[in-house]
Amino acid sequence: MRSRRSFGRLAAVVFTGAIVFAGCTDNGSDEDQTSDTSGESEESKASDGGGHADMEHPMDGGPAPEGMMPAEDPEFPVGTEVTLTADHMEGMEGATATITGAFETTTYSVSFTPTDGGDPVTDHKWVVHEELESPGEAPLAEGNEVVITAEHMAGMEGADATIDSAIDETVYMVDFEADGMMMTNHKWVVESEIEPLQ
């Protein structure tokens with residue numbers, strides 16, 4: 001009788017343990033789904049208001065486009081450590097960065113629909129004049145239709161875009177760490193989005 005009760009208790013403990021274990025496994029999946037969903041939300045959010053969609057942005061931005069003119073006397077020379085005030089992507093605002101390039105050109109905010117079927121991107125900051133296909137003389141006016149040749153994020157290269165605004169400031173490439181990822185030659189931040197390192 002005792003052994004039958006012991007067996008019953010053991011079975012109940014094993015069964016309960018299996019439920020608890022399964023519950024933990026389900027919770028883990030829920031967490032993964034939650035973080036995936038929040039990642040998508042952040043990505044969607046980052047796609048508006050000048051964002052870059054973190055998950056799609058390459059960690060190494062590569063060299064500047066050919067034909068860009070280095071700035072003669074930039075406020076922040078190459079090698080200078082600065083503080084970023086732009087919030088183009090998660091973890092950017094307030095980050096310490098190192099200037100890796102300073103150029104004189106016209107810089108644009110653009111809206112476009114990615115070629116890979118992604119959601120439309122509005123007010124993307126920034127692309128430079130040299131990253132547009134046969135753009136003609138700078139600056140281009142607001143509302144001009146252009147084709148982007150840059151690949152700052154997935155689906156950008158070859159996309160039809162509309163010029164939202166143009167700015168004539170020194171434009172910089174920077175290295176900085178965002179959310180534990182080191183971004184090198186990030187394109188672009190303009191001078192008004194940079195402060196001296198305190």
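Everything numeric here is computed off the predicted structure, so don't read it as measured data.

1. Observations regarding the pairing of strand S3 (residues 96–104)
Here's step 1: Judged from the two bridges that link them, strand S1 (residues 69–70) and S3 form a sheet pairing that is antiparallel. Note on S3: the bridge partner recorded for Met69 is Glu104.
Here's step 2: Bridge analysis of strand S2 (residues 81–84) against S3 gives three bridges, and the strand direction is antiparallel. Bridge pairing links Thr83 to Thr96 in S3.
Here's step 3: Here S3 runs beside strand S8 (residues 171–178); their pairing, made up of six bridges, is antiparallel. Note on S8: the bridge partner recorded for Gly101 is Met173.

2. Overview of the nonpolar core
Here's step 1: In this structure, Leu84, Tyr172, Val174, Phe176, Val189 and Ile194 are the most contacted members of the largest nonpolar core, which totals 18 residues.
Here's step 2: The set of elements that each furnish at least two residues to this core consists of S2, S3, S8 and strand S9 (181–190).
Here's step 3: Dropping the residues within four chain positions of it, Ile194 is found in contact with Phe76, Val82, Thr83, Leu84, Thr85, Ile99, Tyr172 and Val189.
Here's step 4: Core analysis: the second largest hydrophobic core is formed by 15 residues, Phe112, Val121, Val127 and Ala159 among them.

3. Focus: the pattern of salt bridges
Here's step 1: Here the structure, examined in full by the defined rule, presents one salt bridge.
Here's step 2: Between Lys125 and Asp123 there is a salt bridge, with its nearest N and O atoms 2.7 Å apart.

4. What about the packing of aromatic side chains?
Here's step 1: Inspection of every chain in the model, using the stated rule, returns two aromatic pairs.
Here's step 2: Where Phe76 meets Tyr172, the ring centres are 6.0 Å apart and the plane angle is 65 degrees; that geometry is what we call edge-to-face. One end of the pair, Phe76, is in the loop between S1 and S2; the other, Tyr172, is in strand S8, and 96 residues separate them in sequence.
Here's step 3: Ring centres of Phe103 and Trp188 lie 6.0 Å apart, and the angle between their planes is 85 degrees; this geometry places the pair in the edge-to-face category. In this pair, Phe103 is assigned in strand S3 and Trp188 in strand S9, connecting sequence segments 85 residues apart.

5. Notes on unusual backbone geometry
Here's step 1: Cis rather than trans, the peptide bond between Lys125 and Trp126 has omega equal to 5 degrees.
Here's step 2: With respect to the helices and strands, Trp126 occurs in strand S5 (residues 121–128).
Here's step 3: The step from Ala138 to Pro139 runs through a cis peptide bond, and the omega angle for that step is -5 degrees.
Here's step 4: Turning to its location among the elements, Pro139 is positioned in the loop between S5 and strand S6 (145–147).
Here's step 5: Of note in this structure, Asp179 is not a glycine but carries a positive phi near 50 degrees.
Here's step 6: In this structure, Asn185 is a non-glycine residue whose phi angle is positive, near 50 degrees.

6. As for the sheet that holds strand S7 (residues 160–167)
Here's step 1: Across the sheet, four strands lie side by side as S5-S4-S7-S6; this open sheet has antiparallel pairing. The outermost strands of the open sheet, each flanked by one partner alone, are S5 and S6. Each neighbouring strand pair of the sheet contributes to a mean axis angle of 45 degrees, computed without reference to strand direction.

Conventions and cut-offs
Residues numbered from 1 in each chain as written. Predicted model: local features only at pLDDT ≥ 70, side-chain atom pairs only at ≥ 80, totals over all residues. Heavy atoms only, no water. Pairing = 2+ DSSP bridges. Helix = DSSP H or I, 4+ residues; strand = E, 2+ residues; numbered from the N terminus. Core = buried A, V, L, I, M, F, W, Y, C linked by side-chain atoms within 4.5 Å. Buried < 20%, exposed > 50% of the residue type's maximum accessible area, 1.4 Å probe, protein only. Contact = heavy atoms within 4.5 Å. Salt bridge = Lys/Arg side-chain N within 4 Å of Asp/Glu carboxyl O. Phe/Tyr/Trp six-rings, centres within 6.5 Å; stacked < 30°, edge-to-face > 60°. Axes fitted to C-alpha atoms, helices over the stretch in contact; angles between N-to-C directions.

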